Amino acid sequence: MRISALLLITLLSINSSHAFEVSENFWENGQAVFHVGISGSSPTGGTWNDAFKRSMSAWSDVSSFEFVAVDDYLDPCIDRGEGLFGDGSTGIDFSASVCGSEFGANILAVTLSAGICQNLQCTGGFLITDGDILFNSSEAWDVYSGSLRFDGDSEFERVALHELGHALGLNHSSANSAIMRAFVSDTDSLQSDDIAGIASIYGENEMAQEITLANIYGVTLVAPDNATISGSNSSNNLSGTLSSSDNQLDGKSLDLYQYTFENDSLIDIQLDSQSFDPFLYLVRVSATQSALPSFTFTDDNSGSGNNARINRSIQAGTYWLGVSSASNAAQGSYDVSIISNTSNPSTSFETFTSVYGVDVLINPNPDISGSLGSTDFIFNNRFLDLVQIEVTAASTVRIDLNSSAFDASLLLVDIVSNEVGNLALQNDNNGSGTNSRLETTLSPGTYWLGVTSFSSGESGSYDIAITLVLP
Ligand SMILES: [Zn+2]
């Protein structure tokens, strides 16, 4: 016997001690087909359909749930209305009403779910079979990323992300920066709280778990979406929860995130929690993940109340942002806001001129892009670029130098008092094709990587990737 139920999601906020909230409803096979055929384009951001499909992919990318987009129009209001529970197929559209009923005041969009109850009383939720979405056509809409504009246009893509969260079975979240928060905000992408919410219903995407990085300290490290921060003014938010299953450091839980700041910048990082007294770490790491003590910053109470805040100038580089607590065994949800400003967006990693007259790039990212060309130092009739890396704990590293423009040759030398020391390794073709690869265990110290060509006078772009080989 099939009993249908109608669920109308409203903009009611649910307060709770944890952040995300799931309804008891879900798509039984972890898959949903959406008919995506809205006509027209946004004023500045491409077609509505492309924006909507990007939102579908964003959810699929972070969970084992699979959205399937069918490129045709389906009226979301078929079989909607008094006593009707949808047609069992999902459509989306702009509409002046909710299938004949008024949109409430300030309501941007509505998701109409329907499904099959799991018992006669229809308690315990239902198996979703239809998740029609209606965007309020009396609003002005556009598609853009970043902070909300103040021109009155509503931003379509983040609202689509939010409504799709409802269609998947999520209720509103109390996490400040979550897409599933009840009110539209500067957040334009899925946050860790949203991802934890969807994973709790359908499981994690095994591919998405790869964003957890291995590292020399044996702690779990997460590279969030949008983890590269560049340009004159950018902001980034994340939400998370400290728990006993996190990394433990001196009796305290620790969540660790990796961000790359591509420019020297003035950063303002605020860590807020209503559940515990937050403690914030910002640690610059070298290309081999060694923490650089002179670029390690911590804060306990510089924010409002007990909240933590680091507001200072930093050099371009890769940083680990650590969220912990001032007291032992503290748990609960937190929000991090990262604002980065630079007056000179062209600044990047530091260089210095070595005693040999060669410019040396200091501690860039583990992934380095560059090019050999006529402005480079000339060594043995070949162009030469040098990169300096620091190793603070003995580490086995694999260094790949790839170029499609020239036959790459890679040098590794140790540096003592700014001069070349004893260790000198060179490789021409251990990588794929004519690419170079070195794998070796380095003791603590300073090293130079040299990029040059096998034959004289070759030029062009190259990439270096440094990965740690963990025991
Ligand atoms: Zn909502």
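These numbers come from a predicted model, not from an experiment.

Q: Sorry if this is basic, but what is going on with the packing of aromatic side chains here?
A: The geometry of two aromatic rings is summed up by the distance between their centres and the angle between their planes. Per the stated rule, a full pass over the model turns up 18 aromatic pairs. Plain terms: the ring middles of Phe 94 and Trp 141 are 6.1 Å apart, the flat faces sit at 55° to each other, and that makes the pair tilted. Taken together, the positions of Phe 94 in strand 6 (residues 90-95) and Trp 141 in strand 9 (residues 141-142) put the pair 47 residues apart, joining distant regions of the chain. When the centroid spacing of 5.6 Å and the interplanar angle of 40° are considered together, the rings of Phe 94 and Phe 156 count as tilted. Here Phe 94, found in strand 6, pairs with Phe 156, found in helix 2 (residues 156-168); they are 62 residues apart in sequence, far enough to count as distant. Aromatic ring contacts, followed pair by pair, group Phe 34, Trp 48, Phe 52, Phe 65, Phe 67, Phe 94, Phe 135, Trp 141, Phe 156 and Tyr 202 into a single cluster. The ring of Tyr 144 carries the charged tip of Arg 149 above its face, separated from the ring centre by 4.2 Å. One cation-aromatic arrangement involves Arg 284 over Phe 295; the distance from NZ or CZ to the ring centre is 5.2 Å.

Q: I keep staring at the domain arrangement of the protein and nothing clicks. Help me out?
A: The extent of an interface is frequently quoted as the accessible surface area lost upon association of the parts. For the protein, the assigned domains are domain 1 (4-202), domain 2 (211-341) and domain 3 (351-468). Each of domain 1 and domain 2 has a C-alpha centre, and the two are 31 Å apart. With twelve residues of domain 1 at the interface, the matching set in domain 2 holds nine residues. Of all residues in domain 1, Ser 177, Gln 191 and Ser 192 bury the most surface against domain 2, accounting for 41% of the area lost on that side. Put simply, domain 1 and domain 2 have zero salt bridges between them. Counting every contact that joins domain 1 to domain 2 gives three residue pairs in polar contact (both at pLDDT 80 or more).

Q: I would appreciate a short explanation of the pattern of salt bridges in the present structure.
A: Taken as a whole and judged by the stated rule, the model has eleven salt bridges. For Glu 155, the salt bridge goes to Arg 158, with nearest N and O atoms at 2.7 Å. Residue Glu 155 is classed as buried on the basis of its relative accessible area, which comes to 2%. In this structure, Arg 398 engages Glu 439 in a salt bridge whose closest nitrogen and oxygen atoms are separated by 3.0 Å. In this pair, Arg 398 sits in strand 28 (residues 395-402) while Glu 439 sits in strand 31 (residues 436-442), placing the two residues 41 residues apart along the sequence. On the basis of relative accessibility, which here comes to 26%, the residue Arg 398 falls in the partly exposed class. One continuous salt-bridge network, built from bridges that share partners, spans Asp 142, Arg 149, Asp 151 and Asp 153.

Q: How should the state of the cysteines be read in this particular structure?
A: Here, disulfide denotes a covalent bond that connects the sulfur atoms of two cysteines. This structure, assessed with the given rule, holds one disulfide. With a sulfur-sulfur separation of 2.0 Å, Cys 77 is cross-linked through a disulfide to Cys 99. Judged by the sign of its S-S torsion, about -85°, the bond between Cys 77 and Cys 99 is left-handed. Here Cys 77, found in the loop between strand 3 (66-70) and strand 4 (80-81), pairs with Cys 99, found in the loop between strand 6 and strand 7 (109-117); they are 22 residues apart in sequence, far enough to count as distant. Exposure remark for Cys 77: the relative accessible area of 22% places this residue in the partly exposed category.

Q: I keep staring at the coordination of the zinc ion and nothing clicks. Help me out?
A: When a metal carries six donors in an octahedron, the ideal angles between them are 90 or 180 degrees, while four donors in a tetrahedron ideally lie at 109.5 degrees. Around the zinc ion, the protein supplies His 162 (NE2), His 166 (NE2) and His 172 (NE2) as donor atoms, at distances of 2.0 to 2.1 Å. Written as a sequence motif, the donor residues of the zinc ion are H-x3-H-x5-H. You can see His 162 sitting in helix 2 and its partner His 172 sitting in the loop between helix 2 and helix 3 (192-202), a full ten residues away along the chain.

Q: Is there a simple way to explain the nonpolar core in this structure?
A: Taken as a class, soluble globular proteins show a tendency for nonpolar side chains to be buried jointly. Core analysis: the largest hydrophobic core is formed by 36 residues, its most contacted members being Phe 34, Phe 52, Trp 59, Phe 67, Phe 135 and Phe 156. Contributing elements (two or more residues each) for this core: strand 2 (31-35), helix 1 (48-62), strand 6, strand 8 (126-136), helix 2 and helix 3. Not counting residues within four places of it along the chain, the set of residues in contact with Phe 156 comprises Ile 38, Trp 48, Ala 51, Phe 52, Phe 94, Phe 135, Trp 141, Asp 142 and Val 143.

Q: I would appreciate a short explanation of helix 2 in the present structure.
A: Think of an α-helix as turning once every 3.6 residues; residues three or four places apart then point the same way. Here helix 2 is 13 residues long and its end C-alpha atoms lie 18 Å apart, about the 18 Å a rise of 1.5 Å per residue gives. Extensive coverage of helix 2 is indicated by the burial of 13 of its 13 residues. At the N-terminal end of helix 2, a side-chain oxygen is found 3.0 Å from the backbone nitrogen of Glu 157, two or three residues along, and the residue is Glu 155. Backbone geometry just after helix 2 places Gly 169 at a positive phi near 115°.

How each quantity is defined
Residues numbered from 1 in each chain as written. Predicted model: local features only at pLDDT ≥ 70, side-chain atom pairs only at ≥ 80, totals over all residues. Heavy atoms only, no water. Phe/Tyr/Trp six-rings, centres within 6.5 Å; stacked < 30°, edge-to-face > 60°. Helix = DSSP H or I, 4+ residues; strand = E, 2+ residues; numbered from the N terminus. Lys NZ or Arg CZ within 6 Å of the ring centre and 35° of its normal. Domains from an automatic or database assignment. Contact = heavy atoms within 4.5 Å. Buried area = accessible area lost by both parts, 1.4 Å probe. Salt bridge = Lys/Arg side-chain N within 4 Å of Asp/Glu carboxyl O. Polar contact = N/O pair within 3.5 Å; in protein donor to acceptor, adjacent residues only side chain to side chain. Buried < 20%, exposed > 50% of the residue type's maximum accessible area, 1.4 Å probe, protein only. Disulfide = S-S within 2.5 Å. Donors = N, O, S within 2.8 Å, 3.2 Å for Na, K, Ca; no water. Core = buried A, V, L, I, M, F, W, Y, C linked by side-chain atoms within 4.5 Å. Expected span 1.5 Å × (residues − 1).

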